[in-house]
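Take a look at the letters that make up each chain.
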Amino acid sequence: MGNRTVIPFGPQHPVLPEPIHLDLMLEDERVVEAIPRIGYIHRGLEKLVEKKDFQQYTYVAERICGICSFMHGMGYCMTIESIMDIKIPERAEFLRTIWAELSRMHSHLLWLGLSADAFGFESLHMHTWRLREQVLDIFEETTGGRVIFSVCEIGGVRKDISPETLDKIDRILTDMEKELKEITHVFLSDSSVKYRTKGIGVLSKQAAFDLGAVGPMAKASGIKRDLRTQGYAAYGKLKFEPIIETDGDSYARTSVRIKEVFQAVDLIKQAIAIIPEGGINVKVTGNPNGEYFTRVEQPRGSAMYYVKASGSKFLDRFRVRTPTFANVPALLETLKGCSLADVPILILTIDPCISCTER
Amino acid sequence: MNFIKKSPWILHYDGSSCNGCDIEVLASLTPLYDVERFGIINTGNPKHADILLITGSVNEQNIPVVKQLYEQMAEPKAVVAVGICATSGGIFAECYNVVGGVDKVLSVDVYVPGCAARPEAVIDGVVKALGILEQKQKRMRKRKYR
């Protein structure tokens, strides 16, 4: 047994776009234990419901996280709509699904790029981000924003997508698919990439279940849990199967995310093919009264939203449980026994979104 | 400014931003905007950096981190506050754990507006900071030869 050393990791670290601190307990080069310390970006936005009314709060909900901003807005709007018993137009449901799946594509491409950067493959990182810009261009054309759109509102969506633009999106995605195949091929079959990901950070199915892992983390360990199968928004009308891998290592998690990108392309195309005509929003009158709990499948896993209202303009309580929060225990489990050089790639492998976690 | 005399290296720190500005800072380094062709690199080492890019507001826990990063940087150095949160706290200004903009802790040279700040705006801010760096350097030289 060697000497024990404690190495501080973060809050400012080249591999982390966001601050999280880990105390890594090392025995020679092996990590024995990792102790996280969070709180660097806690804002306390849940308490903001007391100062901003429930309509204004949509904007705050979208800023829980800038990467899955649309899905946070959608989850919050869905919760309020359920409390107020609002039935949104079918076209709005489809538009929400299209934007949500585009968000998933952009989030996964972002992650693929960052992970390529973490294992030192700079040109792959750049190429993935180049592809991601095409998705952002679609966002900019349809919503006006690149990362934060403010297009979801209580009672529907704020902007419509014209049939010509929908056709254009379909064409762009068809072209993108070819380029995506080229790039993802490197992630899945390049021997040096495989060397960095295969068999690294294995999380068994039982451990993933016990620790409550969600999203690609759970799916890569063989747990079939995808909340889109509940059929919220327009997912009930589209055909898809949750993606499962069984190895539970970093390679499996990469593979799940890559397959989800292609699945997102397929879902958007399906939605474009059958999107109905009609209005995009309904008028909202009165204030919410009651409580409700919604679950949404985000790129990183399931997010849960809880709202309690008592008939006034201001909500009593808003609570959000985000996927990274659920995945931190699983991360600490995978870090045990890995070598120090693998720590950055393992931290990235859960696709950490710290601003979600700390809110 | 028609050409840049210096390729500044950037140190990026996320105060308590929502990630929106962070990914836009990263986007300005990647192929579509590609400031790396001018030799502008995002470095992880504060001793190598010329410009400190901060996204998001400051809170009690990250004030020491921000100060420590700034103090480690070599002179001349500039601070760029990216996004409305770093400028004034933005939509989160009323939150209990938000002290306010970065200017509560450091003297900020350039404020970049936007929620989220667009990559064009971020690049503009960095170019402005470059001019400020040059002035600071001139002042340093004057002091040296006095």
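Since this is a predicted model, take the numbers as computed values, not measurements.

Participant: Help me understand the overall build of chain B in this model?
Facilitator: Within chain B one finds 4 helices and 5 strands. The order of α-helices and β-strands along chain B, N terminus first, is β-α-β-β-α-β-α-β-α. Compactness check: chain B gives a C-alpha radius of gyration of 15 Å against a globular reference of 15 Å for 146 residues, within 12% of the reference. Taken over the C-alpha atoms alone, chain B extends approximately 50 × 40 × 25 Å along its principal axes. Excluding contacts between residues fewer than 6 apart, the proportion of contacts in chain B whose partners are at least 24 apart in sequence is 79%. Only carbon and sulfur atoms are counted for the fraction: they give 53% of the accessible area of chain B, which is about 6700 Å². Charge separation in chain B, taken as the distance between the mean sites of 17 positive and 15 negative side-chain charges, equals 13 Å.

Participant: Explain the environment of B:Thr43 here, please?
Facilitator: Residue and element names in this part refer to chain B. The residue threonine 43 is located in strand β2 (residues 41–43) in this model. In sequence terms threonine 43 and tryptophan 9 are 34 residues apart; their C-alpha atoms lie 6.4 Å from each other. Looking at threonine 43, its side chain comes within polar contact range of the main-chain nitrogen of asparagine 45, at 3.0 Å.

Participant: What should I look at first to understand the sheet that holds strand β4 (residues 78–82) of chain B in this one?
Facilitator: The strands that make up a sheet are held in pairs by hydrogen bonds between backbone atoms, and each pair lies either parallel or antiparallel. Residue and element names in this part refer to chain B. The strand order across the open sheet formed by 5 strands is β2-β1-β3-β4-β5, and the pairing between neighbours is parallel. Here the strands that pair on one side only, and so sit at the sheet edges, are β2 and β5 (110–112). Between one strand and the next, the sheet's axes are offset by a mean angle of 30 degrees, whatever the strand orientation. Pairing between β4 and β5: 3 bridges, direction parallel. In the sheet register, valine 80 faces β5, and the bridge partner there is valine 110. Contacting β1 (9–14), β2, β3 (51–55) and β4, helix α1 (residues 20–27) crosses the sheet at an angle of about 145 degrees to β3. Strands β1, β3 and β4 of the sheet are contacted by helix α2 (residues 63–72), whose axis makes an angle of about 170 degrees with β1.

Participant: When you look at the sheet that holds strand β3 (residues 30–37) of chain A in this model, what are you seeing that I'm missing?
Facilitator: All names here are of chain A. Strand order in the open sheet formed by 3 strands is β1-β2-β3, with antiparallel pairing between adjacent strands. The open sheet is flanked by β1 (4–9) and β3, the only strands paired with a single partner. Averaged over all neighbouring strand pairs, the angle between strand axes comes to 20 degrees, with direction disregarded. Bridge count between β1 and strand β2 (residues 21–27): 6 bridges; the pairing is antiparallel. Paired with threonine 5 across the strands is leucine 26, a residue of β2. Where helix α10 (residues 323–335) meets the sheet, it contacts β2 and β3, and its direction lies at approximately 160 degrees from that of β3.

Participant: Before we go on, may I ask you to explain the nonpolar core in this structure?
Facilitator: The nonpolar side chains of a soluble globular protein tend to be buried with one another. Formed by 149 residues in total, the largest nonpolar core has its most connected members in A:Tyr76 and A:Met105. Counting residues per element, this core draws most heavily on helix α3 (residues 90–118) of chain A, at 15 residues. Residues B:Leu52, B:Leu69, B:Met73 and B:Ala86 belong to the second largest nonpolar core, which totals 20 residues.

Participant: Would you mind showing me how to read the interface of chain A and chain B here?
Facilitator: Bring the parts together and some accessible area is lost; that lost area is often taken as the interface size. Residue-level contacts link 42 residues of chain A with 39 residues of chain B. A combined buried area of about 3300 Å² lies between chain A and chain B, and 62% of that area is made up of carbon and sulfur atoms. When the buried surface of chain A facing chain B is broken down by residue, A:Gln12, A:Arg43 and A:Arg146 rank first, second and third, together holding 21% of it. The interface formed by chain A and chain B contains 3 salt bridges. Across the pair B:Arg118 and A:Glu140 runs a salt bridge whose closest N-O atoms are separated by 2.9 Å. If you look at where chain A meets chain B, you find 13 residue pairs in polar contact (both at pLDDT 80 or more). The set of elements that each furnish at least two residues to the side of chain A that touches chain B consists of α1 (57–62), α3 and α4 (122–143) of chain A. By residue number, the principal contributor to the side of chain A that touches chain B is α4(A), which donates 8 residues. Across the side of chain A that touches chain B, the residue classes break down as 21 nonpolar, 8 polar and 13 charged.

Participant: Explain helix α4 (residues 119–145) of chain B here, please?
Facilitator: End to end, α4(B) covers 39 Å across 27 residues, agreeing with the expected 39 Å (1.5 Å per residue, within 8%). Every buried residue belonging to α4(B) is among B:Pro119, B:Val122, B:Gly125, B:Val126, B:Ala129, B:Leu130, B:Leu133 and B:Lys136, and all of these are buried.

Participant: Please explain helix α2 (residues 69–84) of chain A as it appears in this structure.
Facilitator: Given 3.6 residues per turn, any residue in an α-helix points the same way as the ones three and four places further on. Residues and elements named next belong to chain A. Relative to the 22 Å expected for 16 residues at 1.5 Å per residue, α2 spans 23 Å between its end C-alpha atoms, a close match to the ideal helical length. Here α2 lies mainly inside the structure; 15 of its 16 residues are buried. Positive phi shows up at aspartate 85, right after α2, with a value of about 60 degrees.

Conventions adopted
Residues numbered from 1 in each chain as written. Chains lettered and ligands numbered in written order. Predicted model: local features only at pLDDT ≥ 70, side-chain atom pairs only at ≥ 80, totals over all residues. Heavy atoms only, no water. Helix = DSSP H or I, 4+ residues; strand = E, 2+ residues; numbered from the N terminus. Rg over C-alpha atoms; globule rule 2.2 N^0.38 Å. Contact = heavy atoms within 4.5 Å. Areas by Shrake-Rupley, 256 points an atom, 1.4 Å probe, with all protein chains shown as cover. Lys, Arg positive; Asp, Glu negative; His and termini not counted. Charge placed at Lys NZ, Arg CZ, Asp CG, Glu CD. Polar contact = N/O pair within 3.5 Å; in protein donor to acceptor, adjacent residues only side chain to side chain. Pairing = 2+ DSSP bridges. Axes fitted to C-alpha atoms, helices over the stretch in contact; angles between N-to-C directions. Core = buried A, V, L, I, M, F, W, Y, C linked by side-chain atoms within 4.5 Å. Buried < 20%, exposed > 50% of the residue type's maximum accessible area, 1.4 Å probe, protein only. Buried area = accessible area lost by both parts, 1.4 Å probe. Salt bridge = Lys/Arg side-chain N within 4 Å of Asp/Glu carboxyl O. Nonpolar A, V, L, I, M, F, W, Y, C, P; charged D, E, K, R; others polar. Expected span 1.5 Å × (residues − 1).

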